[in-house]
Amino acid sequence: MPRPGLLVLFGSQTGTAQDVSERLGREARRRRLDCRVQALDSYSVVNLINEPLVIFVCATTGQGDPPDNMKNFWRFIFRKHLSPTSLCQMDFAVLGLGDSSYAKFNFVAKKLHRRLLQLGGSALLPACLGDDQHELGPDAAIDPWLQDLWEKVLGLYPVPPDLGVIPPGVPLPSRFTLHFLLGTPRMRSEEQHVAHADPPGPPSEQQPFLAPMVINQRVTGPSHFQDVRLIEFDITGSGLSFAPGDVVLIQPENQASHVQQFCRVLGLDPSRYFTLLPREPGVPCPAQLPQPCSVRHLVSHYLDIASVPRRSFFELLACLSPHELEREKLLQFSAPQGQEELYSYCNRPRRTILEVLCDFPHTAGAIPVDYLLDLVPPIRPRAFSIASSLLAHPSKLQILIAVVQYQTRLKEPRRGLCSSWLASLDPGRGPVQVPLWVRPGSLTFPETPDVPVIMVGPGTGVAPFRAAVQERVAQGRTGNFLFFGCRWRDQDFYWESEWVELERKGCLRLFTAFSREQERKVYVQHRLRELGPLVWELLDHQGAYFYLAGNAKRMPADVSEALTSIFQEEGGLSGPGAADYLARLQRALRFQSETWA
C-alpha cells in the first residue's frame, strides 16, 4: 500500500500548539512519512476532503475560544450545509491543549473532535486533552497519546523495511541553510525590509507600520507595586483603521546585552551577513527576515532567546551536543521520565533559552549555525487592547500596559519581553519607532444609538472601554455604565480625571471598587450585586449589552456568578433559569468578554 502524506494542522495562540505540531512533524519524518505542518488558517480548508491522514492540534483560549490563526477554519467547519459524508475518506486525531482551572477546559478540541465525526471522519484515537495544570504540564497526556498514535499510524502505513525508523539521537536535517557573505551589502537589507513608503495594503505582520512613540508615561503611583504605562503612538499616514474592541499587535526586540551574550556564547559574529535558503522545495523563508540579513538582526528581531525553552529544544540540543556530560543531562531533560526534573530546572523558575545555553557552554559553542531557526522559536507579536478612539483622536493610538516583572529562585528578575522593551523606550531622548499593526478584537459594540452598554473592566482591563466610551461620547451616545476596580484610588485609578469629567457632563455613570481601602476587600462583582436592580433594568428592560475585560483567572467566573444572582433576585428566575438567561445573552452577543492569563 502506498504511504500517504501526513498533514498536521494547528491553532496556536502562544506557540505551544505550534511546537507540539512541529514535534509531530519531526516524529513523522523519523518514521519516513512525508509531513506538512501548517496553521489552520493558512491551509485551504476545501482541500480537506482529499486528505487521508490529518492530526489537528488545537489550543483553547480565553473562555473557550479558538486561537486567532484558526478562526476562519472554525467558522467554515461548523457551516450547517456541510455533508455528513464530507470527510468519509479521512483518518484523523485531535490533540488539545488547555488549562483545567478554566470552566471550558479544552473546549475547542472536544468540539472539533465531535464535528469531524459528524462529517464522516474516522477517529484513530479519542482526543488527547493536554493540561497546563498537571505538574508535568501537557506532556503528561501527550507522551502516552503519541505512542498510541504512532502504533495506529504505522499499523496502517508501516515503515518501508529497507529504510527503518531514524533513531532519536540522530538529528534530522535543518530546515534552512545560512550562506555567509564575504562583505557587507552596500545598502543594509534591514533598512530596505522595513521601508514602507508605498506599502501594498494596510499594515500587517509581514509589513508592519513603524509608528513613532510620542508618550511613554507611568500612570501608577511611585509606591505602587506595578509599573503601568500609558503609551501613545502617532499613526498619521499609516492606513491603520480600527474600532473600539480591536487590538494592536507589537513586534518586540531582545535586549542588546542579551543579543551580545547570545552571540558570544555561540561564537557568532553579529556583524556578518548571510542569505537564508530552505532545504526543501516549497518551504518559504520567514517573511520577517530580510535577505540578506545580519546575525545581529536575526538575534535581536527574530530569535526568541528570552523565552522559556520547550522540551523540543532539549531534544535537538542533545542531538547536536559533542560534550558527553552535557549531552547526558540534555537527554535526561528530553526523556519522558525526566520531565519532572526539567520542570524544576526550567519551567518553575522560568529559565530562558539564553540562560540554558550559558549552562551548557560546550554544547552552545558547537551548535551548527544552520540549526538556529530549528532550535530557537521566533519572537511572537504581543497583542494589546487599543485604549483610544480613532473617531475622537484620528492620528493617535494609545495602549495601557502593565510592565511584567517578577522574582523566581533565580537571581535575575523575570521580565516580560515586550512590556519591558516598550517601557525602556524614551521618546524624550530622540525618535523611537515601534513596528505594529491591528486586528479585530473579540468585543464588538452595538450600532443602535440608544442601546446602553455596561462595561466591567478592573485594572488594565479598562483599556478597551476607554476606546468605547470615547467613541460613543463622540457619537453623542450617553448610555455608558462603567464598573472599574483597582487597589487604591490614589495609586492605580487609571484616567480618573477623564471619567470624573465625563460623569460631570452626563456622558458616563461610573462605579468604582477600591479593593484595599477598607478591611473587607471589595471587587467589581460586589458593586454589581449592590446595583442589582439597575443592572437588571438595563439588561432586561432596556436591552443593554454587557462587556467584561481583564484577567482570566477568577474574575470572569465571579462576575458571571454575580449576574446569575442578580437574575434570580431581581428577575425572580430559578437557578437553571438564570443560567439559561446568561447563555441567551451570550448567544445574542449581548454578553461579551475579552480576558487574558
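The residue numbering used here restarts from 1 in each chain and proceeds along that chain's sequence as written. For a predicted model such as this one, the threshold for reporting local features is a pLDDT of at least 70, and the threshold for listing and counting side-chain atom pairs is 80 or more; totals across whole chains, interfaces and linings nevertheless cover every residue. Only hydrogens and water are removed before side-chain values are computed, so all heavy atoms of the structure are retained for them.

## Thoughts on the overall build of the chain
Reasoning step 1: Within the chain one finds 20 helices and 22 strands.
Reasoning step 2: Values of the radius of gyration come from C-alpha atoms, whereas the globule rule sets the reference at 2.2 Å times the count of residues to the power 0.38. A compact globule built from 597 residues would reach a C-alpha radius of gyration of about 25 Å, and the chain, at 26 Å, matches this within 12%.
Reasoning step 3: Projected onto the principal axes, the alpha-carbon positions of the chain cover approximately 80 × 60 × 50 Å.
Reasoning step 4: Categorising residues by exposure relies on relative accessible area from a 1.4 Å probe, with only protein chains included: less than 20% of the type maximum marks a residue as buried, more than 50% marks it as exposed, and the intermediate range marks it as partly exposed. Buried residues in the chain amount to 51% of all 597 residues.
Reasoning step 5: Any pair of residues with heavy atoms lying within 4.5 Å of one another is described as a contacting pair. For the chain, the proportion of contacts with a sequence separation of at least 24, taken over those separated by at least 6, is 76%.
Reasoning step 6: Just so you have it, the chain exposes about 27,700 Å², and 52% of that area is on carbon and sulfur atoms.
Reasoning step 7: The averaged location of the 62 negative side-chain charges in the chain is 0 Å from the averaged location of its 61 positive side-chain charges. Starting at the N terminus, helices and strands are each numbered in turn, a helix being any DSSP run of H or I of at least four residues and a strand any DSSP run of E of at least two. Only the protein chains shown count as cover for residues, and all accessible areas are computed by the Shrake-Rupley method using a 1.4 Å probe. Positive charges come from Lys and Arg, negative ones from Asp and Glu, while His and the chain ends are left out of the count. Charge coordinates come from a single atom per side chain, which is NZ of Lys, CZ of Arg, CG of Asp or CD of Glu.

## Remarks on the environment of Leu425
Reasoning step 1: Following the sequence through the fold, Leu425 ends up in the loop between α14 (417–424) and β17 (433–439).
Reasoning step 2: Since its relative accessible area comes to 16%, Leu425 is described here as buried.
Reasoning step 3: Remark: the alpha-carbon pair of Leu425 and Ile215, spanning 210 residues in sequence, is separated by 9.8 Å.
Reasoning step 4: Setting aside anything within four residues of it in sequence, one finds Leu425 in contact with Met213, Asn216, Val432 and Val434.

## Considerations on the pairing of strand β2 (residues 35–39)
Reasoning step 1: As defined by bridge partners, strand β1 (residues 6–11) adjoins β2 across 5 bridges and the pair is classed as parallel. From the neighbouring strand, Leu9 faces β2, where its bridge partner is Gln38.
Reasoning step 2: Handedness of a crossover: with both strands directed away from the viewer, a clockwise path from the first strand across the helix to the second marks it as right-handed. For the crossover from β1 across helix α1 (residues 16–30) to β2, the handedness is right-handed. The criterion for strand pairing is that DSSP finds at least two bridges linking the strands in question.

## Details of unusual backbone geometry
Reasoning step 1: Put simply, Gln291 and Pro292 share a cis peptide bond, and its omega is -10°.
Reasoning step 2: Residues other than glycine seldom take positive phi values, yet Leu589 does so here, at roughly 60°.
Reasoning step 3: Of note, Leu589 is situated in the loop between α20 (575–587) and β22 (591–596).

## Brief notes about the sheet that holds strand β12 (residues 293–294)
Reasoning step 1: Across the sheet, which stays open at both edges, the 3 strands sit in the order β7-β11-β12 with antiparallel pairing between neighbours. Lying at the two open borders of the sheet, with one neighbouring strand each, are β7 (176–180) and β12.
Reasoning step 2: Bridge count between strand β11 (residues 273–278) and β12: 2 bridges; the pairing is antiparallel. Residue pairing for β12: Tyr273 is matched across the bridge by Ser294.

## Here's the deal with the nonpolar core
Reasoning step 1: Ranked by size, the top nonpolar core spans 41 residues in total, and within it Phe262, Leu298, Leu303, Phe314 and Leu357 carry the most contacts.
Reasoning step 2: With 6 residues, the single largest contributor to this core is helix α8 (residues 311–320).
Reasoning step 3: Those residues in contact with Leu303, other than ones at most four positions away along the chain, are Asn254, Phe262, Leu298, Leu372, Val376, Pro377 and Ile379. Throughout, nonpolar core names a set of buried Ala, Val, Leu, Ile, Met, Phe, Trp, Tyr and Cys residues whose side chains join them through atoms within 4.5 Å.

## Topic: the domain arrangement of the chain
Reasoning step 1: Each domain's limits were defined by an automated method or a database of domain assignments. You can read the domains of the chain as domain 1 (6–156), domain 2 (203–250 + 381–441), domain 3 (253–278 + 287–378) and domain 4 (453–595).
Reasoning step 2: For domain 1 and domain 3, the distance between their C-alpha centroids amounts to 28 Å.
Reasoning step 3: Summing both sides of the interface, domain 1 and domain 3 together bury roughly 810 Å²; the carbon and sulfur share of this comes to 42%.
Reasoning step 4: Each reported salt bridge corresponds to a side-chain nitrogen of Lys or Arg within 4 Å of a carboxyl oxygen of Asp or Glu. Ionic pairing is found between Asp139 and Arg311, a salt bridge with its closest N-O pair at 3.4 Å.
Reasoning step 5: Pairs of N or O atoms are called polar contacts if they sit within 3.5 Å, as long as, within protein, a hydrogen donor faces a hydrogen acceptor (for residues adjacent in sequence, only side-chain-to-side-chain pairs). Counting the contacts that link domain 1 with domain 3 gives 5 residue pairs in polar contact (both at pLDDT 80 or more).
Reasoning step 6: For the side of domain 1 that touches domain 3, the secondary-structure elements that each account for two or more residues are α1 and α4 (139–156).
Reasoning step 7: Among the elements that line the side of domain 1 that touches domain 3, the one with the most residues is α1, at 5 residues.
Reasoning step 8: For this classification, the nonpolar set comprises Ala, Val, Leu, Ile, Met, Phe, Trp, Tyr, Cys and Pro, the charged set comprises Asp, Glu, Lys and Arg, and every other residue, Gly included, is treated as polar. Among the residues forming the side of domain 1 that touches domain 3, the class breakdown is 1 nonpolar, 3 polar and 7 charged. By buried area we mean the combined loss of accessible area, with a 1.4 Å probe, across both parts when two parts are placed together.

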